[in-house]
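Each chain is listed here by its residues.
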Amino acid sequence: MAYAYDDQNIFAKILRGEIPNTTVLETEHTLAFRDLYPQAPSHVLVIPKGPYVCYDHFAQEATDAEIVDYTRAIGKVCELEGVATDGFRMISNAGEHGVQEVPHLHVHILSGRPLGRMLAKA
Ligand code: DGP
């Protein structure tokens, strides 16, 4: 599927500096910042700077440099947030069934409390 990127989404505005954020980490191709509505004591969103809608879009079309940078940035955020001690959850919602609210790829890194089972029964 060919994805169409909407550059008016909130994370695109954050990347352009039009909306403030609480940055955790910035690299050449990646920005990590705190979720405005945290669902755990630590709730960080990690986004690529490039115009990718969701993870499969990124995995198919990003450059190797972007993919390496993004993956290493996720590792660095995990280190900075100290998730290795008690564990964490990483989530990336996509599309309607994934209930993705912001159409710019992001992974949620949640930690700091027991997070329950992965999915509630529908
Ligand atoms: P998702 O449902 O996976 O698309 O998650 C979108 C997340 O984005 C949600 O946890 C709330 C967060 N969010 C929405 N608007 C803003 C914003 O303006 N700033 C920040 N930091 N987070 C936001």
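Residues numbered from 1 in each chain as written. Predicted model: local features only at pLDDT ≥ 70, side-chain atom pairs only at ≥ 80, totals over all residues. Heavy atoms only, no water.

(A) Examining the overall build of the protein chain more closely. Looking only at helices and strands, the protein chain features 3 helices and 5 strands. Helices (α) and strands (β) of the protein chain occur, in sequence order from the N terminus, as α-β-β-β-α-α-β-β. Its C-alpha radius of gyration of 14 Å places the protein chain within 12% of the 14 Å reference for a compact globule of 122 residues. Overall, the protein chain is about 35 × 35 × 30 Å in size when its C-alpha atoms are taken along their principal axes. (Helix = DSSP H or I, 4+ residues; strand = E, 2+ residues; numbered from the N terminus. Rg over C-alpha atoms; globule rule 2.2 N^0.38 Å.)

(B) Layout of the layout of surface pockets. Taken as a whole, the largest pocket holds about 920 Å³ of empty space. Looking at the lining of the largest pocket, the elements that each hand over two or more residues are α1 (10-15), β2 (30-34), β3 (42-48), β4 (88-91) and β5 (107-111). The element that contributes the greatest number of residues to the lining of the largest pocket is α1, accounting for 3 residues. Of the residues assigned to the lining of the largest pocket, the class counts are 16 nonpolar, 9 polar and 6 charged. (1 Å grid on protein atoms, 1.4 Å probe; cavity = no way out; pocket = protein on both sides within 12 Å on 5 of 7 lines; lining within 4 Å. Points joined across faces, edges and corners; volume = space filled by probe spheres on them. Nonpolar A, V, L, I, M, F, W, Y, C, P; charged D, E, K, R; others polar.)

(C) Just the sheet that holds strand β1 (residues 23-26), in detail. Pairing is antiparallel in the open sheet, where 5 strands are placed in the order β1-β2-β3-β5-β4. Every other strand in the sheet has two partners, leaving β1 and β4 as the edge strands with one partner each. With strand direction ignored, the average angle separating the axes of adjacent strands in the sheet is 15 degrees. Taken together, the 4 bridges between β4 and β5 define a ladder with antiparallel strand orientation. The residue bridging R89 from the neighbouring strand is L110, located in β5. (Pairing = 2+ DSSP bridges. Axes fitted to C-alpha atoms, helices over the stretch in contact; angles between N-to-C directions.)

(D) Quick look at helix α3 (residues 64-81). Its 18 residues give α3 an end-to-end C-alpha distance of 26 Å, which sits within 8% of 26 Å, the value for a rise of 1.5 Å per residue. Those residues of α3 lying buried are E66, D69, Y70, A73, I74, V77 and C78. At the C-terminal side of α3, G82 shows a positive phi close to 65 degrees. (Expected span 1.5 Å × (residues − 1). Buried < 20%, exposed > 50% of the residue type's maximum accessible area, 1.4 Å probe, protein only.)

(E) How the structure looks around the site of the ligand. D35, N93, E101, H106 and H108 are the nearest of the 16 residues found near the ligand. Within the side chain of N93, an N or O atom sits 2.8 Å from an oxygen atom of the ligand. H106 places a side-chain nitrogen or oxygen 2.8 Å from an oxygen atom of the ligand. Here the ligand, which alone exposes 510 Å², has 90% of that area covered by the protein. Placement of the ligand is best described as lying within the largest pocket. When residues of the shell around the ligand are traced back to their parent elements, those giving at least two are α1 and β2. It is α1 that contributes the most residues to the shell around the ligand, 3 residues altogether. (Near = heavy atom within 4 Å. Polar contact = N/O pair within 3.5 Å; in protein donor to acceptor, adjacent residues only side chain to side chain. Areas by Shrake-Rupley, 256 points an atom, 1.4 Å probe, with all protein chains shown as cover. Sits in = over half its atoms within 2 Å of the grid points.)

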